[in-house]
Amino acid sequence: MKQAVKIISKKYLTHDVLRIMTEKPVGLAFEAGQAVDISINKKGLEEELRSFTFTSLPEDDYLEFTIKTYPSHGGITQQLLSLAEGDELFVHDVYGDIIYKGEGIFIAGGAGVTPFIAILKQLEKQNEVGANKLIFANKTKADIILEEHFHKLLGKNFINILSSQQYDGYLQGYISAELIKKHINGDGQYYYLCGPEPMMQAVEGHLTSLGIADQFIVKEAF
Ligand SMILES: Cc1cc2nc3c(=O)[nH]c(=O)nc-3n(C[C@H](O)[C@H](O)[C@H](O)COP(=O)(O)OP(=O)(O)OC[C@H]3O[C@@H](n4cnc5c(N)ncnc54)[C@H](O)[C@@H]3O)c2cc1C
């Protein structure tokens, strides 16, 4: 089943990441961290489905998506760049494996942070951010989505690492087992993992080497 929703607003969060807000279909239910298939209501694009995570909360009366665009792919995110307020998207099925289970470490690569935007927003609203941490891997500082927001929300529990830029005060390189180990608070923590496939494989390897059991790993590849 697909439902048409109008775009309410569209703005840039970084040089290539859009925040798109739309109407919300009546009765649409999801949990913070979940995603939905989206297509564009334009001739020939209605069935070109791409997955995007809700970065609004289930109780909000609008939908919000935080979307990294790839104009060079010539795909759907390029098409989204040319849409304006009043244009329509189709919202298809809701799905997604990332759901909050308890305190731990969120580990994100690039746009893989979107489920954690929603989950941390919900925890903030419930006053339950606690000792949760976010390790956020990006190529450069300019790629960090919502840097100010996470900084204010998490303070020293917001850890950035840049793979393609050296920048004062930021870690440089890729997420390592040592980096994760340094931030483990104790047993029974959850490890939430979302990003591109190669990053996911590497980080899952690190978690295994640190003896983290599968039941404590919550993940989704983008
Ligand atoms: C559950 C889930 C949730 C997601 N949530 C989000 C989210 O909230 N925000 C977000 O930003 N992303 C999210 N993603 C990722 C998002 O779905 C993809 O980035 C998006 O589908 C890309 O669509 P596209 O049509 O622009 O490009 P693609 O579908 O990647 O590519 C379009 C065309 O370009 C080609 N192509 C692929 N790679 C390259 C390349 N490197 N150079 C040139 N051409 C290439 C492809 O072959 C294809 O023909 C999510 C993914 C999943 C699985």
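Residues numbered from 1 in each chain as written. Predicted model: local features only at pLDDT ≥ 70, side-chain atom pairs only at ≥ 80, totals over all residues.

K.L.:
Just give me the short version of the overall build of the protein chain, but keep the residues and values in it.
P.N.:
Each helix and strand in the protein chain was counted, giving five helices and twelve strands. Its C-alpha atoms give the protein chain principal-axis dimensions of roughly 50 × 35 × 30 Å. Across the 222 residues of the protein chain, 32% fall into the buried class. Contacts in the protein chain between residues at least 24 apart in sequence constitute 71% of all its contacts with a sequence separation of at least 6. (Helix = DSSP H or I, 4+ residues; strand = E, 2+ residues; numbered from the N terminus. Buried ≥ 20, exposed ≤ 12 C-beta atoms within 10 Å, placed from the backbone. Contact = placed C-beta atoms within 7 Å.)

K.L.:
Can you explain the site of the ligand? Please cite residues and give values.
P.N.:
Taken together, 22 residues lie near the ligand, and His-73, Gly-75, Thr-77, Ala-111 and Thr-114 sit nearest. Contributions of two or more residues to the shell around the ligand are made by strand S4 (50–53), strand S5 (62–68) and helix H1 (76–81). Of the residues belonging to the shell around the ligand, the class tally is eight nonpolar, eleven polar and three charged. Viewed by domain, the shell around the ligand spans two of them, domain 1 (3–95) and domain 2 (104–221), each represented by three or more residues. (Near = placed C-beta within 6 Å. Nonpolar A, V, L, I, M, F, W, Y, C, P; charged D, E, K, R; others polar. Domains from an automatic or database assignment.)

K.L.:
With reference to specific residues and values, describe the sheet that holds strand S6 (residues 88–95).
P.N.:
Read from one edge of the open sheet, six strands run S4-S3-S6-S1-S2-S5, paired in antiparallel fashion. Lying at the two open borders of the sheet, with one neighbouring strand each, are S4 and S5. Mean inter-strand twist for the sheet, computed between neighbouring axes without regard to direction, equals 40 degrees. (Pairing = 2+ DSSP bridges. Axes fitted to C-alpha atoms, helices over the stretch in contact; angles between N-to-C directions.)

K.L.:
I'd like a description of the environment of Thr-69, backed by residues and values.
P.N.:
Inspection of the secondary structure puts Thr-69 in the loop between S5 and H1. Thr-69 sits twelve residues away from Leu-81 along the chain, and the two C-alpha atoms are 7.5 Å apart. Setting aside residues up to four positions removed in sequence, Thr-69 forms contacts with Asp-16, Leu-18, Thr-77, Gln-78, Leu-80 and Leu-81.

K.L.:
Describe the pairing of strand S9 (residues 158–162), and please don't skip the residues or the numbers.
P.N.:
Relative to S9, strand S8 (residues 133–138) runs parallel, the two being bridged by five bridges. Counterpart to Ile-135 in the pairing with S9 is Ile-159. Examined bridge by bridge, S9 and strand S10 (residues 171–172) share two bridges and lie parallel to one another. Following the sheet pairing, Ile-161 is matched in S10 by Leu-171.

K.L.:
Can you lay out the nonpolar core for me, pointing to particular residues and giving the numbers?
P.N.:
Buried together is how nonpolar side chains tend to be arranged in soluble globular proteins. Counting 50 residues, the largest nonpolar core has Ile-107, Ala-108, Phe-116, Leu-134, Phe-136 and Tyr-192 as the members making the most contacts within it. Broken down by element, the residue count for this core peaks at five residues, all from helix H2 (residues 114–125). When residues are assigned to domains, this core turns out to be shared by domain 1 (3–95) and domain 2 (104–221), each giving three or more. With sequence-adjacent residues up to four places away left out, Ala-108 is seen in contact with Val-113, Phe-116, Leu-134, Phe-136, Ala-137, Cys-194 and Gly-195. (Core = buried A, V, L, I, M, F, W, Y, C linked by C-beta atoms within 7 Å.)

K.L.:
Which residues make up the domain arrangement of the protein chain, and what are the values?
P.N.:
Partitioning the protein chain into domains gives domain 1 (3–95) and domain 2 (104–221). Counting residues at the interface gives twelve residues for domain 1 and 13 residues for domain 2.

K.L.:
A description of helix H5 (residues 197–209) should follow, citing residues and the corresponding values.
P.N.:
It helps to recall that an α-helix has 3.6 residues per turn; residues three or four apart then point in one direction. Taking 1.5 Å of rise per residue, the 13 residues of H5 would be expected to cover 18 Å, and the 18 Å separating its terminal C-alpha atoms lies within 8% of that figure. Buried within H5 are the following residues: Met-199, Val-203 and Leu-207. Relative to the axis of H5, the buried residues are bounded by an arc of 70 degrees and lie together on one face. Among the exposed residues of H5, those oriented more than 90 degrees off its buried face are Glu-197, Pro-198, Gln-201, Gly-205 and Ser-209. Count one or two residues on from H5 and you reach Gly-211, which has phi positive near 80 degrees. (Expected span 1.5 Å × (residues − 1). Arc of directions from axis to C-beta.)

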